[in-house]
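# Descriptive analysis of the structure
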Amino acid sequence: MKKKKSSPMAEYPVISDISDFDRNSGNFLERLLFKNRLLVISLCLVVTIVLGYFALGQTLNAAFEKMIPTKHPYIANFLEYKDQLAGLGNNLRIAVETTPEGNIFTKEYLDVVRRLNDEIFLLKGVERPYMKSIWTPATRWIGVTEDGFDGGPVIPDDYDGSSESIDQVRLNVERSGEIGQLIAADYRSSVILVPLIDRDPQTGEPLDYHVFSQQIESLREKYETDTITIHITGFAKVVGDLIAGLEQMLLFFGLTILICSAVLYWYTRCVRSTILVVICSFIAVVWLLGLLPLFGYQLDPYSILVPFLVFAIGMSHGAQMMNGIMQEIGRGAHRVVSARYTFRKLFLTGITALLTDAIGFAVLMVIAIKVIQDLALIASVGVTLLIFTNLVLLPILLSYIGVGKKATQRSHEAALRDSADAQHAQHPMWRFLNLFAKPGWAHTAVLVAAVLGVLGFMVSTQVKIGDLDPGAPELWPDSRYNRDNAFMVENYSASSDMYVVMVKTDQYACGQYENLIKVDELEWRLQQLPGVVSTTSLAALSKVSAAGMNEGSFKWYGIPPNQNLLNAIITRAPRDLFNQPCDLLTVYAYLTDHKAKTLESVVQAVEGFARENNSDSLRFMSAAGNAGIEAATNIVVERANTQMLVLVYIAVIVLSYIAFRSVIAVVCAILPLMLTSVLCQALMVFLGIGVKVATLPVIALGVGIGVDYALYVMSVLLARRREGMTLSEAYYNALLGTGKMVVLTAITLGAAVCTWAFSPIKFQADMGLLLGFMFVWNMLGALILMPALAYFLMPLKASVRIPSTLVKKVGDSACESRSE
């Protein structure tokens, strides 16, 4: 049995024979885990099998109310009166279009609409009483005759498909007031309006949007012909298309595994250890997917990206652990000793980095939108699981199988070469990076960073809140859904973007003249806005009806001051304009789009009018309709954007201080992160990406994960400075120890998320692009700007530079086997 003497490169004695190793060395956790290695592996195996079984039941879905800020006053108003505003929440609009040469007044066209209407009526999840189309009894016409008002359903009860019946339908359509709403002005298409129930009222189960979307698509395929085209818009269709696109994300998951594995193998040249790192990272994903159904969670279009991130983060931290073990074995240490040494050195920094990642995710919980809170919770749990799989299970497994001989020899030769470099000619890449810890280059780096920061901040102030594109920005502009939406906007004044103002009155007072005058004034103000296509309300109907009651003369067009006449009008008015107790009116504003600028102008107009006219007996409240909900979401996102950034930076600063015990070190580590955050928002301006539900988590994730680089590099730098090295020597030493793995981590994470750019879902592509940008820039900040800042902020003498409260063990915990 031989015991090697400690080499100049060794932080711990090199022990090649396990019998010479003191098994009681190390802290309590290390002894507990490594003395019970088989038990730990057995427990992990059992947990993997059990949770893997539950993971097989994981499904993809989304819920309407999870996508909206339910605690915002606008949404609270909508939910309070939701039962009295049936059809104003989660709607589907299906337009049936005929050929350019034809029109809707043919027997064949009307028969297609009827059959399609009947099949949709029977679908699970449809709120049938409020469904509306040219064939539903609620779609009526009103006409003025010599005997007064007359009316009836647009499709008469005696319709038989004859030319006379069709002529009657045409006449009824012209008198229905539905042109521009249910019927296109060119008479080439009509709409089936389908309100949906988000949850089954009997079972309480959420609507399965994937299944519902497939049913709608099958109906589209069934009824589309050479002469009939069907266009579908609405939240349910967006979610259905997203879920369909998510199924293709499995390909990207496989691509992520291949990229991460290839990068890791390129660095280590060890097949067995590379496979082991992949397996441990994948186990964390299996555990996460298995835990979700146990706690009643489902993956949705936003949280589906979490398993990708968890796997990529696990690969990066697993690579750090494997690299340390490989270097120890390369020095000649036994594989069990190597695993324990590496665990001893890297566990503290690794757990600090992962907890920082988890807190970066958890900060998103402050955003009062359920889908983001779910993403935050799922991501936090996933990153926490990596502590067990990649910081505990991985070194224990490597203590059994070790690493390949060729990889060990290569690692040892690299260590000797780095040692020679440190004493003689430095490695070109590390020599270049080390220049930033010296005068001249440090001045240039800080100056360039300051200029980029100022320019980036000026551009970032122009970042917009909300959607910047028409249609569904979650999907690509040329997607089928966005083409359908463009058709709706072009052919219907009652667009799919609807902002609804709720007007609360005293009971039975909704039709009072004074109240209708105020409603009419609000309509007039809204009509002056460039983003408003049209409006409708009980006040508008009263003006038309007043003219109709006076032989159709528009001299009488206006709200009649006679209350008896108003009462007569109200008895014939459709109930979507007021509720049964007649204490709630609705004002519909149909918008050109739901872009942030459009919604902002409407919100300002309505809020200003409400401040001027609200009283104890009359209140104007925002907002229902999809545009109203989107406006509330934008308000919440704008407020949360700043709040989230402040909280995530506070969390990162606190954890960094715990790791460094140095205010100066924290400043050097955090400033590069802040620069990246500013530049990321500037990039969003250039790419035309708004701050919204899909992009809001990106900056928090970039900061939380990006600080990992600083933790690994700064911890080693501080430890070497405490030993008396100059800043340049300490930084070069940190580059040899952890700089390689920082570069590897950035490449792994960046490459993994950049594959999302090819996703069929646009917001996932946007997230991948922004995250990739932040990962790379955070790496550059840690390797270039951080040492430059250290040159200016840290005193020249090491004894003065580093606070005496710095615990040497913190630096050692992050330092892998390195040359000194």
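Everything numeric in this text was worked out from a predicted model, so none of it was measured.

The rules behind each value
- Residues numbered from 1 in each chain as written.
- Predicted model: local features only at pLDDT ≥ 70, side-chain atom pairs only at ≥ 80, totals over all residues.
- Heavy atoms only, no water.
- Pairing = 2+ DSSP bridges.
- Helix = DSSP H or I, 4+ residues; strand = E, 2+ residues; numbered from the N terminus.
- Axes fitted to C-alpha atoms, helices over the stretch in contact; angles between N-to-C directions.
- Contact = heavy atoms within 4.5 Å.
- Parallel < 35°, antiparallel > 145°, perpendicular 65-115°, else oblique.
- Left-handed = near helix turned anticlockwise from the far one by under 90°.
- Nonpolar A, V, L, I, M, F, W, Y, C, P; charged D, E, K, R; others polar.
- Disulfide = S-S within 2.5 Å.
- Buried < 20%, exposed > 50% of the residue type's maximum accessible area, 1.4 Å probe, protein only.
- pLDDT = per-residue confidence, 0-100.

Ordered by their spatial adjacency, three strands build an open sheet running 4-1-5, and the pairing between neighbours is antiparallel. The sheet is open, and its two borders are formed by strand 4 (189-195) and strand 5 (228-234), each paired with just one other strand. Averaged over all pairs of adjacent strands, the angle between their axes in this sheet comes to 20°, without regard to strand direction. Relative to strand 5, helix 16 (residues 480-491) is tilted by about 100°, and along the sheet it contacts strand 1 (91-98), strand 4 and strand 5.

A separate point is the packing of helix 15 (residues 441-460) against helix 22 (residues 663-687). Each packed pair of helices is defined by two parameters, the angle between the axes and the distance between the axes. Two elements in contact, helix 15 and helix 22, have axes separated by 8 Å at closest approach and are oriented at 45°. Compared by their axis directions, helix 15 and helix 22 come out oblique. For the element pair helix 15 and helix 22, the recorded crossing hand is left-handed. Where helix 15 approaches helix 22, its residues A449, L452, G453, G456, F457, V459 and S460 are matched on the opposing element by L675, V678, L679, Q681, A682, V685 and F686. Its residues placed into classes, the contact of helix 15 with helix 22 shows ten nonpolar, four polar and no charged.

Next up on the list: the state of the cysteines. Per the counting criterion, the structure on display carries one disulfide. Two residues, C510 and C582, share a disulfide whose sulfurs are 1.9 Å apart. Taking the torsion about the sulfur-sulfur bond, which here is approximately -85°, the covalent link between C510 and C582 counts as left-handed. Of this pair, C510 sits in the loop between strand 6 (497-505) and helix 17 (513-527) while C582 sits in the loop between helix 19 (563-571) and strand 8 (584-591), and the two are 72 residues apart along the sequence. Take C510 and C582: they sit in the same class, and that class is buried. Free cysteine: C280, not disulfide-bonded; nearest cysteine sulfur from C44 at 8.4 Å.

Regular strands have side chains that alternate between both faces of the sheet. Counting buried positions over the nine residues of strand 6 gives nine, a clear majority of the element. A two-sided burial pattern is seen for strand 6, the buried positions comprising D497, Y499, V501, V503 and T505 on one face and M498, V500, M502 and K504 on the other. Bridge count for strand 6 against strand 8 is eight bridges, and the pairing is antiparallel. Residue Y499 lies in a different strand from strand 8, and its bridge partner there is A589. Of the pairings in the sheet, the one linking strand 6 to strand 9 (residues 618-624) comprises six bridges and is antiparallel in character. Bridge pairing in strand 9 links K504 to R619.

Scored by pLDDT, the chain comes out at a mean of 82, with 90% of its residues at no less than 70. Confidence drops under pLDDT 50 across residues 1-10; counting only partners more than four residues distant or on other chains, this segment forms 21 contacts.

Let us now look at the environment of V637. Here V637 shows up in helix 21 (residues 625-660). With 56 residues separating them in the primary sequence, V637 and V693 have C-alpha atoms 6.9 Å apart. For V637, the residues in contact, after removing those within four places along its chain, are I369, I465, V691, K692, V693 and L696.

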